[in-house]
There are 2 protein chains.
Amino acid sequence: MLSKEELIKQTAKELFFSKGYLHATTQEIADAAGVNRSLINYYFRSRDLLFQTVYREAVDGLKLQLDKVLYDKIPFKEKLNLFIDVYMKELMKYPYRESFLITEICSKNFALKEKKKSAALAHFLQEIAQEMEKGTIKKGEPIQFMFNLFALMAFPVIMTPLYQKLLDISKEKYNKLIADRKQIILESIFN
Amino acid sequence: MLSKEELIKQTAKELFFSKGYLHATTQEIADAAGVNRSLINYYFRSRDLLFQTVYREAVDGLKLQLDKVLYDKIPFKEKLNLFIDVYMKELMKYPYRESFLITEICSKNFALKEKKKSAALAHFLQEIAQEMEKGTIKKGEPIQFMFNLFALMAFPVIMTPLYQKLLDISKEKYNKLIADRKQIILESIFN
DNA sequence: TTGGCGTTTAACAATTTTGTTAAACAAAAA
DNA sequence: TTTTTGTTTAACAAAATTGTTAAACGCCAA
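Residues numbered from 1 in each chain as written. Chains lettered and ligands numbered in written order. Predicted model: local features only at pLDDT ≥ 70, side-chain atom pairs only at ≥ 80, totals over all residues. Heavy atoms only, no water.

Draft legend 1. The arrangement of the protein's contact with DNA strand C in detail. Not every one of the 13 residues close to DNA strand C is listed here, only the nearest: Thr 26, Arg 37 and Arg 47 of chain A together with Ser 38 and Tyr 43 of chain B. Expressed as a percentage, the sugar and phosphate content of the atoms of DNA strand C within 4 Å of the protein is 52%. Contacts to DNA strand C include Ser 38 of chain B, whose side-chain N or O atom sits 2.9 Å from a base nitrogen. In this structure, a phosphate oxygen belonging to DNA strand C sits 2.8 Å away from a side-chain N or O atom of Tyr 43 of chain B. (Near = heavy atom within 4 Å. Polar contact = N/O pair within 3.5 Å; in protein donor to acceptor, adjacent residues only side chain to side chain.)

Now the structure itself:
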């Protein structure tokens, strides 16, 4: 069973990352979690600190996720296959996690920090450079390859509600389109 | 010279779309515009209506932008070249416009509407299908082609603050990377 | 000049949101 | 049993945000 503190955090993440409800008040979070609002202040002191905690855990989680897959000593193509699978599953669960992070960074009282490149990422960039040499993938800046990869995975998921509107597509059909993307991404990436 | 009403709207767009400051209060918008806060109520009645107005104009603007380029009777490759140019310029000016739209759609009191596919978009999808037949571009679902296109353009721009942090890249270098993307996108799209 | 009209402002009121405090509660330790 | 500790709650207080009103202002036309 979840501690109330954990419950509050998970509920906040649910609201932010899954529902894209970035304006959530402490009352709304408390209601969604089924706890008294004062508990938020008891465990996190202030709304701001709750947000900071959620932000930090999201960034750490993102890094951890990268580390786990990108360090593996498996063939490149296999690794990408696995990575896309893992990352897109996460995207389905938390489509707005990246949006939340960006919004927080852009918000008024945001304290910069970070500033140490993920080691796994650096390693992966090297691996990409090697594969470019080998000719498995198109030559170019490895970072641009990563940009492409993440863009192709994340953007259509993030844009779901708007694209559904603009294209007048049913939820089911849209889900199908997203599900098909893994293969499409792989095809568009490899020579 | 801009009317105050227009000034308020433009300033709000500046805060939302350019600065990604989606939590802006009416006071902050008024300050940024250099007008008395009451003017917002005078011209827009309520904060909510200001947001709705900005939302609507953003969607309409987006559609208009698509219409202008996508209806042109110019060769496909040329059209895409032009389109990427136009859209990415807009993205540089308003990197968070799409984020704002998504956040609004996900927000509590959002009234659905829309539900008529842009004619230009439908036309463009047909054109894509034709080009697939011709073999100019890889065969597949035309919508997926569009997903890819928009993702490759928008996502790295939207993610700028986070990626700059995670990759520990200077603003200048990041801008260079973004500038290079037009060519990269064109290459990754055509056979 | 005066009266009317749209604009702008400050002052106020109402509401919403957040933070604090003290008391109630429950379970384990003394 | 009483104490202690940590948890939970309701009531209150403070702050922030939004909305309203009436008066002031400026400008043009009568």
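Draft legend 2. Focus on the side chain of Ser 107 of chain A. Relative to the elements of secondary structure, Ser 107 of chain A occurs in the loop between α6 (97–106) and α7 (119–134). Beyond its immediate sequence surroundings of up to four residues, Ser 107 of chain A is in contact with Tyr 21 and His 23 of chain B. (Helix = DSSP H or I, 4+ residues; strand = E, 2+ residues; numbered from the N terminus. Contact = heavy atoms within 4.5 Å.)

Draft legend 3. Examining the interface of chain B and chain A more closely. With 55 residues of chain B in contact, the opposing surface of chain A contributes 55 residues. Counting each side, the surface lost to burial between chain B and chain A is near 5200 Å², with a carbon and sulfur contribution of 71%. Three residues, Phe 147, Lys 165 and Leu 166 of chain B, lead the burial of chain B against chain A; their summed loss comes to 14% of the area buried on that side. Where chain B packs against chain A, one counts 2 salt bridges. Among the ionic pairs, Lys 108 of chain B bridges to Glu 28 of chain A, the shortest N-O distance being 2.7 Å. Where chain B touches chain A, the interface holds 9 residue pairs in polar contact (both at pLDDT 80 or more). Of all the secondary-structure elements, those providing two or more residues to the side of chain B that touches chain A are α4 (47–70), α6 (97–106), α8 (142–158), α9 (160–167) and α10 (171–189) of chain B. No other element matches the 11 residues that α8 of chain B contributes to the side of chain B that touches chain A. Tallied by class, the residues present in the side of chain B that touches chain A amount to 32 nonpolar, 7 polar and 16 charged. (Buried area = accessible area lost by both parts, 1.4 Å probe. Salt bridge = Lys/Arg side-chain N within 4 Å of Asp/Glu carboxyl O. Nonpolar A, V, L, I, M, F, W, Y, C, P; charged D, E, K, R; others polar.)

Draft legend 4. Broad picture of the relation of the copies chain B and chain A. Expressed as a screw operation, the relation of chain B to chain A combines 0.0 Å of axial shift with a rotation of 180°, fitting to an RMSD of 0.0 Å. Put plainly, the chains are arranged around a two-fold axis. Proximity to the rotation axis, assessed at the C-alpha, singles out Ala 151 of chain B in chain B; its C-alpha lies 2.6 Å from the axis. Take the interface residues of chain B: 98% of them recur as interface residues in chain A, which is what a same-surface contact looks like. (Least-squares fit on C-alpha atoms with pLDDT ≥ 70 in both.)

Draft legend 5. Representation of the packing of aromatic side chains. Counted according to the given criterion, the structure contains 35 aromatic pairs over all chains. Judged by centre distance (6.2 Å) and plane angle (40°), the ring pair of Phe 51 of chain A and Phe 100 of chain A falls under tilted. With Phe 51 of chain A in helix α4 (residues 47–70) and Phe 100 of chain A in helix α6, this pair connects stretches of sequence that are 49 residues apart. Residue classification places Phe 51 of chain A among the buried positions, given a relative accessible area of 4%. Taking relative accessible area as the criterion, Phe 100 of chain A reaches 1% and is therefore assigned buried. For the ring pair Phe 76 of chain B and Phe 190 of chain B, a centre distance of 6.2 Å and an interplane angle of 80° mean the geometry is edge-to-face. Note that Phe 76 of chain B is positioned in helix α5 (residues 76–93) and Phe 190 of chain B in the segment after α10, a separation of 114 residues in sequence. Lys 77 of chain A extends its terminal NZ or CZ atom over the ring of Phe 190 of chain A, reaching a point 4.8 Å from the ring centre. (Phe/Tyr/Trp six-rings, centres within 6.5 Å; stacked < 30°, edge-to-face > 60°. Buried < 20%, exposed > 50% of the residue type's maximum accessible area, 1.4 Å probe, protein only. Lys NZ or Arg CZ within 6 Å of the ring centre and 35° of its normal.)

Draft legend 6. Summary view of the pattern of salt bridges. With the rule as written, the count across this model stands at 24 salt bridges over all chains. Across the salt bridge formed by Glu 14 of chain B and Lys 19 of chain B, the nearest N and O atoms sit 3.9 Å from each other. For Glu 14 of chain B, a relative accessible area of 35% gives the class partly exposed. Ionic pairing is found between Arg 56 of chain B and Asp 60 of chain B, a salt bridge with its closest N-O pair at 3.1 Å. Here Arg 56 of chain B and its partner Asp 60 of chain B are both found in helix α4, 4 residues apart, which amounts to about one turn of the helix. What makes Asp 60 of chain B partly exposed here is its relative accessible area of 37%. Shared partners join several salt bridges into a network, and the residues in it are Glu 6, Lys 9, Lys 13 and Glu 57 of chain A.

Draft legend 7. Spotlight on the protein's contact with DNA strand D. By nearness alone, 13 residues border DNA strand D, and Tyr 42 and Tyr 43 of chain A together with Thr 26, Arg 37 and Arg 47 of chain B come closest of all. Each atom of DNA strand D within 4 Å of the protein was classed as base or backbone; sugar and phosphate made up 54%. Contact between DNA strand D and Asn 36 of chain A: a phosphate oxygen at 3.2 Å from a side-chain N or O atom of the residue. A distance of 2.9 Å separates a phosphate oxygen of DNA strand D from a polar side-chain atom of Tyr 43 of chain A.

Draft legend 8. The arrangement of the side chain of Lys 9 of chain A in detail. Note on placement: Lys 9 of chain A falls in helix α1 (residues 4–18). Once you skip the residues sitting within four places of it in the chain, Lys 9 of chain A turns out to touch Phe 44, Leu 50, Thr 53, Val 54 and Glu 57 of chain A.

Draft legend 9. Region of the structure containing the environment of Tyr 43 of chain A. Residues and elements named next belong to chain A. Its location among the elements puts Tyr 43 in helix α3 (residues 37–44). For Tyr 43, a relative accessible area of 33% gives the class partly exposed. Sequence spacing of Tyr 43 and Ala 119 is 76 residues, and the spatial spacing of their C-alpha atoms is 33 Å. With near-sequence residues (within four places) excluded, Tyr 43 lies in contact with Lys 4, Glu 5 and Ile 8.

Draft legend 10. Representation of the packing of α8 of chain B against α9 of chain B within the structure. Residue and element names in this part refer to chain B. In contact at an axis separation of 5 Å, α8 and α9 are set at 65° when each is read in the N-to-C sense. Judged by the inter-axis angle, α8 sits roughly perpendicular to α9. Between α8 and α9, the residues in contact are Phe 155, Pro 156, Val 157 and Ile 158 and Thr 160, Pro 161 and Tyr 163, respectively. Within the contact of α8 with α9, the residues separate by chemical class into 6 nonpolar, 1 polar and no charged. (Axes fitted to C-alpha atoms, helices over the stretch in contact; angles between N-to-C directions. Parallel < 35°, antiparallel > 145°, perpendicular 65-115°, else oblique.)

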